[in-house]
Amino acid sequence: MANFVFWFIAGVTVLSAAMVVTSKSLLYSAYSLLFTFLGVTGLYIFLWADFLAVVQVVVYVGGILVLIIFGIMLTNKITSVNISHTSMQKGVGGVVVIGFIASLGYMALNTPWLAGVNIEPVETTAAIGRLLLMDYLLPFEAASLLLLGALIGATTLSRKDDDG
Amino acid sequence: MDSLANYLLISAILFSLGLFGVVTRRNGVAVLMSVELILNAANVNFLAFARFGGMNISGHVYALFVIVLAAAEAAVALAIIINIFNNFRTINIDDVSELRQ
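Residues numbered from 1 in each chain as written. Chains lettered and ligands numbered in written order. Predicted model: local features only at pLDDT ≥ 70, side-chain atom pairs only at ≥ 80, totals over all residues.

Colleague: Account for the overall build of chain A, with residues named and values stated.
Modeller: Per the secondary structure count, chain A includes 6 helices and 0 strands. Moving toward the C terminus, one meets the helices and strands of chain A in the order α-α-α-α-α-α. A compact globule built from 164 residues would reach a C-alpha radius of gyration of about 15 Å, whereas chain A, at 20 Å, exceeds it by more than 25%. In terms of overall dimensions, chain A has a C-alpha envelope of 60 × 45 × 30 Å along the principal axes. Here chain A holds 164 residues, and the buried ones make up 25% of them. Taking the contacts inside chain A whose residues are at least 6 apart along the sequence as the reference set, 54% of them involve residues at least 24 apart. (Helix = DSSP H or I, 4+ residues; strand = E, 2+ residues; numbered from the N terminus. Rg over C-alpha atoms; globule rule 2.2 N^0.38 Å. Buried ≥ 20, exposed ≤ 12 C-beta atoms within 10 Å, placed from the backbone. Contact = placed C-beta atoms within 7 Å.)

Colleague: I'd like a description of the confidence of the model for chain B, backed by residues and values.
Modeller: All names here are of chain B. Taken as a whole, chain B shows an average pLDDT of 87; of its residues, 96% reach a score of 70 or greater. The element-level mean pLDDT for chain B is lowest in helix α3 (residues 58–88), coming to 89, with helix α2 (residues 28–52) highest at 92. In the predicted complex, the global pTM is 0.88; the interface-specific ipTM is 0.90. (pLDDT = per-residue confidence, 0-100.)

Colleague: I'd love a proper account of helix α2 (residues 26–46) of chain A, names of residues and values included.
Modeller: The terminal C-alpha atoms of α2(A), which comprises 21 residues, lie 31 Å apart, in line with the 30 Å expected from a rise of 1.5 Å per residue. Two residues or fewer past α2(A), Trp48(A) is found with a positive phi of approximately 65°. (Expected span 1.5 Å × (residues − 1).)

Colleague: Account for the domain arrangement of chain A, with residues named and values stated.
Modeller: Entries for chain A in the domain assignment read domain 1 (1–78) and domain 2 (124–164). On a C-alpha basis, the centroid separation for the pair domain 1 of chain A and domain 2 of chain A is 23 Å. (Domains from an automatic or database assignment.)

Colleague: Mind laying out the nonpolar core, listing which residues take part and the relevant values?
Modeller: Counting 64 residues, the largest nonpolar core has Ile68(A), Leu14(B), Val29(B), Met33(B), Val44(B) and Leu47(B) as the members making the most contacts within it. Elements that contribute at least two residues to this core include exactly α1 (2–22), α2, α3 (50–74), α4 (90–110) and α6 (137–158) of chain A together with α1 (4–24), α2 and α3 of chain B. The element best represented in this core is α2(B), accounting for 14 residues. For this core, the two domains that each supply at least three residues are domain 1 (1–78) and domain 2 (124–164) of chain A. In contact with Val44(B), other than residues within four places in its own chain, are Val40(A), Leu43(A), Tyr7(B), Ile10(B), Ser11(B) and Leu14(B). (Core = buried A, V, L, I, M, F, W, Y, C linked by C-beta atoms within 7 Å.)

Colleague: Hey, could you go over the packing of α2(B) against α3(B) for me, with residue numbers and the actual values?
Modeller: Residue and element names in this part refer to chain B. Relative orientation of the contacting elements α2 and α3 amounts to 175°, with a least axis distance of 10 Å. One way to sum up the angle between α2 and α3 is to call them roughly antiparallel. Packed against α2, whose contacting residues are Gly28, Val29, Leu32, Glu36, Leu39, Ala42, Asn43, Phe46, Leu47, Phe49 and Ala50, the element α3 presents Gly59, His60, Tyr62, Ala63, Val66, Ala70, Ala74, Ala77, Ile81 and Ile84 at the interface. Looking at the contact of α2 with α3 residue by residue, the classes come out as 16 nonpolar, 4 polar and 1 charged. (Axes fitted to C-alpha atoms, helices over the stretch in contact; angles between N-to-C directions. Parallel < 35°, antiparallel > 145°, perpendicular 65-115°, else oblique. Nonpolar A, V, L, I, M, F, W, Y, C, P; charged D, E, K, R; others polar.)

Have a look at this one:
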């Protein structure tokens with residue numbers, strides 16, 4: 001059963017990701033991206049990353065996807081319903097992509113990866129919090145500064161002002 | 001299901017599809033969506049190696065930082081795209097070549 005669920009989630013993730021990059025309609029791409037994010041959330045749960053799975057849903061589905069749909073709505077004239085977009089040089093891109101998948105897949109299947117002991121943790125949140133505030137305190141503070149900078153920068157860039 | 005190679009394979013496919021989108025799409029928002037696919041592929045790799053390398057939580061912290069960077073990047077990129085749309089009335093990134101000699 002778990003096996004079937006895993007392959008179902010993997011299939012949904014890969015197929016919707018393919019829809020994202022091949023769909024003719026920009027809105028269909030955005031909605032396919034929703035299913036890709038949810039599929040990746042399922043993979044996180046299979047990888048015992050409970051906290052990261054919740055963060056993925058909150059930040060990607062609740063934040064970034066809404067932002068992207070806002071971007072689509074704001075950059076298309078709503079009166080013209082034709083929100084389509086085309087791709088170019090699909091042939092060359094397809095060849096490059098198949099080469100990438102083949103070489104990365106060959107590497108993944110043929111490398112003798114080191115295996116550690118795998119004990120399923122009860123939860124990971126406490127350990128993540130301890131690491132964030134002890135080993136990774138400086139990157140944590142830098143990330144908060146970066147988010148503040150992104151907040152100010154995004155509002156300054158997208159604001160309509162005439163007085164410069 | 002309990003094998004590192006499965007996750008690496010899924011992540012490789014996600015990354016390659018994202019790369020395909022970045023090089024073939026002409027719409028700025030679509031390129032942004034493809035970049036999100038690439039970042040998700042990297043995150044799956046981080047968590048897979050954390051899970052099969054002895055449940056090392058440092059991988060989770062790295063994935064968390066990737067999500068933070070993705071959020072900041074999406075916000076700034078969309079602000080830039082909206083600015084481009086206001087100036088050029090298009091977000092086709094091939095038509096935005098005003099700075100070209």
